[in-house]
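# Structural description and commentary
Here is what each chain is made of, one letter per residue.
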Amino acid sequence: MLLRVRDLQVHYGPFQALFGVSLEIDEGEAVCLLGGNGAGKTTTLRALMGALPISGGTVELLGQRVEHRASHELAAMGMIHVPEGRELFPSLTVLENLELGCVTPGTRRRSAETLAVVLDLFPALRGRRRQLAGTLSGGEQQMVAIGRGLMGRPKLLMLDEPSLGLAPVLVDAVFATLERIKAEGTTIVVVEQHIHHALRVCGRGYVLEGGRIAQEGSTADLGRSDRLRAAYLGM
Amino acid sequence: MTRGRLVALAALLAAALAVPAGASGYTVNILTQICLYTFLAGAWNVMALSGLVSLGHAAFFGLGGYATAWLYVTHGVTPALGWIAGAVLAGAVAYAVYWVAFRCGLRGIYFGGLTLVLAESFRFAAINSPALGRSQGLELLGFHMPSAAVYALALGLMAGGMLLTWWLLRSPFGYRLHAVRENELAAEALGVDTFRSKLSATVLSAALTAMGGTAHALLLRFVEPESDFGLSVSLNLLLGTFLGGTGTVLGPAVGITVLFGLREAIALVGEQLAVGTAGVYALQQVVYGLILMLVVLLLPEGLVRVAGSWVRRWWPARATHAAAAPRTVQPGAASGPRAADAGSETAPLLQVAGLTRAFEGLVALRDVSFELYRGEILGIIGPNGAGKTTLFNVISGIHPPTAGSVHFRGQSLAALTPSQVCRRGLARTFQVVRPFASLSVLDNVIIGALVRARDLRRARERSEEVLDFVGLAARRDATAGALTIQDRKLLEFARALATDPEVILLDEVMAGLNPAEQERVAATIRRIRDRGITLLLIEHVMRAVMGLSDRVLVLDHGVLIAEGKPEAIVRDPEVIRVYLGGSPVPA
Amino acid sequence: MELTPAVIGQMLVTGVLVGSIYGAVAMGFSLIFGVVRIVNFAHAGGVVWAMYAVFLVTSGGVLGPYLATALVIPVFFGLGYLLQRALMVRIADMTEEMHIVFTFGLLLVLTYLAQFAFGHDVRFLASSERHLAFGGIVVQREILVGGGVAALSALGLHVALARTWLGKAIRASADNRRGAVLIGLDVRALQRVAVAVSVASAALAGGLLATFTTLYPLRAFELAILAFLIVVLSGIRSLLGSFGGGVIVGVLEGAGTLLLSPSLAQLGIHALIFAALLIRPEGLWGRKEAV
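Residues numbered from 1 in each chain as written. Chains lettered and ligands numbered in written order. Predicted model: local features only at pLDDT ≥ 70, side-chain atom pairs only at ≥ 80, totals over all residues. Heavy atoms only, no water.

A tally of regular secondary structure across chain A gives 10 helices and 10 strands. What you see for chain A is a C-alpha radius of gyration of 17 Å, in line with the 18 Å of a compact globule of 235 residues. Burial statistics for chain A: of 235 residues in total, 58% are counted as buried. Put simply, 67% of the contacts in chain A that link residues at least 6 apart link residues at least 24 apart. (Helix = DSSP H or I, 4+ residues; strand = E, 2+ residues; numbered from the N terminus. Rg over C-alpha atoms; globule rule 2.2 N^0.38 Å. Buried < 20%, exposed > 50% of the residue type's maximum accessible area, 1.4 Å probe, protein only. Contact = heavy atoms within 4.5 Å.)

Given below as structure tokens:
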């Protein structure tokens, strides 16, 4: 088991945002978190990443209890986050953004090698290495965000809405990339609102509703689920 | 204020006035300074009520002193006139400078920098001006005012200043300032003309500070660049107010008194240690600095508020609210919505035509056109990043459109500020709720109600009615920051309703709510419509919109891709593609 | 004085050199703001304490001012590290107004502690009395060395921030702090390093200033206002911009002093900054923040 989350609870001040979320993710899996706005998907990822205080429950990463570790410690263990809204460093160049993904000395030593792999995956970035990240288009920015995550040589890559604000063609491209990353053996957790894409890439999924897991199962089952369709379309 | 309290206050004042008769010159001098600085800190506090921190109030302090001294020395004008002249001059300077500053959108440290550079410019101007005596300053030769009279003047100023603050905090103006301080954008959206509010507060504050500067000049009988325009003047005002508590009536008095007490105590200690006057002064300043740091670290609210919460904890009987008294509720009373003369009208209430908005090349909205008719609920849906919130921001005047137009009741909304749009009858809520967190629920709503109500009493009645309507009456005295998400959303409704709008724009009110809460909010929306108010709501959760809306528009990448009845929209293949991605969901 | 080309040239050269040191002070100030988002008025207090430290060390007669400065810098680096760790981190989440109040308090403490300890007498280090002349322009040796070292270290800091991974990480956490946390940069540690570097740069500037200007406690207030205004003028985000702003102010000060008088020069500088602020509310090199 790569990641085991039990009864995760998170509060924002007086408000409870997560009411006991439990997840289990095996090595090599691709798992999606689905649900409407405000269901707690981003909160879950950020709490796992150590960027939000956890008020209850346990998180085990590679067999170690990590629920109170800081995000840089988690990143050093191989849990890498590609945040919602990309969160690039807009006044740094594309290359600098990518380099900063190497958060441990170990990954920094091999950064040239990893960079070559990332640029192979995103050839469009090759010509834009010296450009400021803030001047890129939305799709290119998303590539940089994913590429920056890969530079950290993740064991577990957690992507938060990688298709946000992208044109349909680019959404397809992003998910094609995720499939390649998965094929190379990286474990993936992805929060997504384009359910159809998410279901195609991922083997399993969880549906969040109001800070709780409402449903879980294989993507084939989830795809047939009326509940999921209802959650999104209101039928 | 009750009559009993007024009498007590008058007695206190009379007693204070009698002090010089029996006290030493030293005591009177200290008391005069305490009164004067309390008044000055209070004047600084008026500006701080709107959340602005000035590092250069010495500019206005010095203007008051120098105007009086110059008029007296060169033209023999009595300081009584100089006093007024100084206040008018300072007010005019503040108006000119801050008008430009607020129009330019100077914020944060850039604003602080401007205030500081203003004071420093005046200091160097005084140093360089022969007419003002260069670094020697001006002496009010031949002017004499008995120390008891100066004391009485300072005492009067202090009392007047405190009364003014007391009144301000309870006036519509004070409410607006508080709203600006808490959240400028939300205040603007609730019809508060933030520009004018800030400008009024700064001009008033500057004029008052100049009056204090004149009194100070009369006390010392000279003005001099460093002691009138110097950084330490500005610093003392900031120090006293912060220690006592910004935005409170008693804060400046408490803060200044503690500071002066400390000052004298250090002087005594310094005498024992024989460090000399310079050493004592240095020690005093070190202690002042430490106090500033400690206040920020330990009691950022200030002494008065901390003491207040102690009083409430140990003496709860005193703190119980008068609000416990029963109150008759008049559902849908006189101040209800405007008569909905719907039937006769076929022209759209809101008409959006060819609206385009680009941010540095990124087009967030492209050629969006639609109409909103009186009495309907129009839903706008679309994935995250589709441009929904941008659409609201353009309609409500936060962003100007790059192209296209918005007409409300046939009139263009172009070039209106958000507060003007709100006053026209178009209210909005925010997706990320923006309550005035430190104000009570009721006060939050009152700020909206002040758009139409002529006085606070009427605004309060209107607000209570609205709170009843949305079902928040029980929480009216709670601090807005302590509400649950659902109650915050209802508070957004209440504030918008209180402005008595014809149209409300609701920005993702369902986000973050569980299905039961969504149902409650949906019911409230229907009841709002039943009051004759037209609603435009944007929503990511489709389910929420479908049951509510008469018509639905679908926005994707800034373009309207579908329009129609809810039942038709959910079957539209294009919509399903946008929402679920790729090809249709397996059945 | 007649305005011969040599006089003007000398004014320009001296202005640029002295302005470089102002620039170094402003750069340290703007580094803290960029990374920790705190307006640190106490920065100038650090400069003045470094001046006194250099004064004390040299008064022993063993070490010269430059060696003394080299000794003081690492001490200040450590103090800066502690400052961030113990104090600044506690106020980081408060409003900008609170930051201003807090660091003003610290400035008061530093300034008047110096006054209490050393008195308000004006002091100065013994000058080498050596001047370098080229093409009719005569420059005091200490000013030449001071300005040169300040400019070089400003350039060095810029290069370190631009080229090293640590420097990039510091810039990244200034650029988008939440993003930096989310991708696993140790932002708190980066902030401690940045503040330590900033305070060390204050020590450097103080040591260099001490070699050719007078020193007295209230110098801290003057430098605080100066540094604050320079970074406000140049837009607080840009480090090289702050340095440039310092140079501009140095030249203006020199020109004003030569043509008018020192205090009229100050008036002119303040009036210019005042106008600049209203015309470019985000600073000369600033850019509007994205909406």
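Next up on the list: the confidence of the model for chain B. All names here are of chain B. Chain-level pLDDT for chain B is 87 on average; 93% of the residues reach the 70-or-more range. Low pLDDT, under 50, characterises residues 318–344; the predicted model gives this stretch 27 contacts beyond four residues in sequence or across chains. Scored below 50 in pLDDT, residues 582–587 shows 11 contacts in the model against residues more than four places distant or in partner chains. (pLDDT = per-residue confidence, 0-100.)

Helix-helix packing: each pair is described by the crossing angle between the helix axes and the interaxial distance. All names here are of chain A. With their axes 9 Å apart at the nearest point, helix α5 (residues 111–121) and helix α6 (residues 138–151) run at an angle of 145 degrees to one another. Crossing hand, α5 versus α6: right-handed. Contact with α5, carried on its side by S111, T114, L115, V118 and L121, involves G147, L150 and M151 of α6 and no other residues of that element. (Axes fitted to C-alpha atoms, helices over the stretch in contact; angles between N-to-C directions. Left-handed = near helix turned anticlockwise from the far one by under 90°.)

Take the domain arrangement of chain B next. Residue and element names in this part refer to chain B. When cut into domains, chain B gives domain 1 (23–231) and domain 2 (350–580). The straight-line distance from the C-alpha centre of domain 1 to that of domain 2 is 42 Å. Along the contact surface separating domain 1 from domain 2 lie zero salt bridges. Here domain 1 and domain 2 share six residue pairs in polar contact (both at pLDDT 80 or more) between them. Elements that contribute at least two residues to the side of domain 1 that touches domain 2 include exactly α7 (172–182) and α8 (184–189). Residue contributions to the side of domain 1 that touches domain 2 peak at six residues, all from α7. Its residues assigned to classes, the side of domain 1 that touches domain 2 comprises nine nonpolar, four polar and five charged. (Domains from an automatic or database assignment. Salt bridge = Lys/Arg side-chain N within 4 Å of Asp/Glu carboxyl O. Polar contact = N/O pair within 3.5 Å; in protein donor to acceptor, adjacent residues only side chain to side chain. Nonpolar A, V, L, I, M, F, W, Y, C, P; charged D, E, K, R; others polar.)

It is worth spelling out the packing of helix α9 (residues 219–234) of chain C against helix α10 (residues 239–259) of chain C at this point. Residue and element names in this part refer to chain C. Closest axis-to-axis distance for the α9/α10 pair is 8 Å, and the angle between their directions is 115 degrees. As α9 packs across α10, the resulting crossing turns out to be right-handed. On the side of α9, the interface is formed by L226, I230, V231, L233 and S234, while α10 contributes G241, S242, G245, G246 and V249. Residue classes in the contact of α9 with α10 are distributed as five nonpolar, five polar and no charged.

Moving on to the nonpolar core. Among the nonpolar cores identified, the biggest contains 249 residues, and Y98 of chain B together with L185 of chain C are the most heavily contacted of them. Beyond its immediate sequence surroundings of up to four residues, L185 of chain C is in contact with H72, F89, L100 and V103 of chain A together with W165, A169, A172, A180 and L190 of chain C. Judged by nonpolar contacts, the second largest core, of 64 residues, contains L439, F493, M510 and A522 of chain B. (Core = buried A, V, L, I, M, F, W, Y, C linked by side-chain atoms within 4.5 Å.)

For the rest of this paragraph, the subject is the interface of chain B and chain C. Every contact between the two is made by 45 residues of chain B and, on the other side, 45 residues of chain C. With both sides pooled, the region where chain B packs onto chain C buries about 4200 Å², and carbon together with sulfur makes up 84% of that total. Summed over the three residues of chain B that lose the most area to chain C, namely I109, Y110 and M293 of chain B, the buried surface amounts to 18% of that side. Our count for the chain B to chain C interface comes out at zero salt bridges. Our count for the contact surface shared by chain B and chain C stands at two residue pairs in polar contact (both at pLDDT 80 or more). Elements with a contribution of two residues or more to the side of chain B that touches chain C: α4 (79–103), α5 (108–128), α11 (231–244) and α13 (276–298) of chain B. (Buried area = accessible area lost by both parts, 1.4 Å probe.)

It is worth spelling out the packing of aromatic side chains at this point. For the structure shown, the criterion picks out 19 aromatic pairs over all chains. When the centroid spacing of 6.5 Å and the interplanar angle of 85 degrees are considered together, the rings of F102 of chain B and F195 of chain B count as edge-to-face. On the criterion of sequence distance, the pair formed by F102 of chain B in helix α4 and F195 of chain B in helix α9 (residues 194–220) is long-range, its members being 93 residues apart. Overall, F195 of chain B belongs to the buried group, its relative accessible area being 13%. Judged by centre distance (4.6 Å) and plane angle (15 degrees), the rings of F41 of chain C and F104 of chain C are stacked. In this pair, F41 of chain C sits in the loop between α1 (5–36) and α2 (43–59) while F104 of chain C sits in helix α4 (residues 96–118), placing the two residues 63 residues apart along the sequence. (Phe/Tyr/Trp six-rings, centres within 6.5 Å; stacked < 30°, edge-to-face > 60°.)

Attention now goes to the sheet that holds strand β3 (residues 350–359) of chain B. Across the sheet, four strands lie side by side as β4-β3-β6-β7 (chain B); this open sheet has antiparallel pairing. Because the sheet does not close on itself, it has two edges, and the strands there are β4 (362–372) and β7 (411–412) of chain B. (Pairing = 2+ DSSP bridges.)

The next subject is the confidence of the model for chain A. Averaged over every residue, the pLDDT of chain A is 89; residues scoring 70 or more account for 96%. Within chain A, the element-level pLDDT minimum falls on helix α10 (residues 226–233) of chain A, averaging 64, and the maximum on helix α3 (residues 94–99) of chain A, averaging 96.

A separate point is the pattern of salt bridges. All names here are of chain B. With the rule as written, the count across this model stands at 32 salt bridges over all chains. Across the pair R374 and E502 runs a salt bridge whose closest N-O atoms are separated by 2.9 Å. Taken together, the residues span a long stretch of sequence, with R374 in the loop between β4 and β5 (377–381) and E502 in the loop between α20 (485–498) and β9 (503–507) at a distance of 128 residues. Both residues of the pair, R374 and E502, belong to the buried class. Connected through shared salt-bridge partners, R462, E465, D500 and R531 make up one network.

Now for the pairing of strand β2 (residues 15–25) of chain A. Residues and elements named next belong to chain A. Inspection of the sheet shows strand β1 (residues 3–12) paired to β2 by eight bridges, in the antiparallel sense. Across the sheet, the residue bridging to L3 is I25, located in β2. Linking β1 to β2, which pair antiparallel, is a turn of two residues; within it G13 sits at a positive phi near 55 degrees.

Time to look at the side chain of D228 of chain B. Residues and elements named next belong to chain B. Counting through the fold element by element, D228 comes out in helix α10 (residues 225–229). The buried charged residue D228 lacks any salt bridge, with R123 as its nearest oppositely charged partner at 11 Å. Looking at D228, its side chain comes within polar contact range of the side chain of S227, at 3.3 Å. Setting aside chain neighbours within four positions, we find D228 in contact with A58, F61, G62, G65, Y66, V223 and V233. (Lys, Arg positive; Asp, Glu negative; His and termini not counted.)

The next thing to look at is the sheet that holds strand β10 (residues 534–539) of chain B. Residue and element names in this part refer to chain B. With mixed pairing, six strands are arranged side by side in an open sheet as β8-β9-β10-β5-β11-β12. Pairing within the sheet leaves two strands with one partner each, and these edge strands are β8 (426–428) and β12 (559–564). Adjacent strand axes in the sheet meet at a mean angle of 20 degrees, parallel and antiparallel pairs treated alike. Both β5 and β10 contribute to a ladder of five bridges, which runs parallel. Its bridge partner being in β10, I381 is matched across the sheet by E539. Contacts from helix α21 (residues 515–530) reach β5, β9 and β10 within the one sheet, and its direction differs from that of β10 by about 155 degrees.

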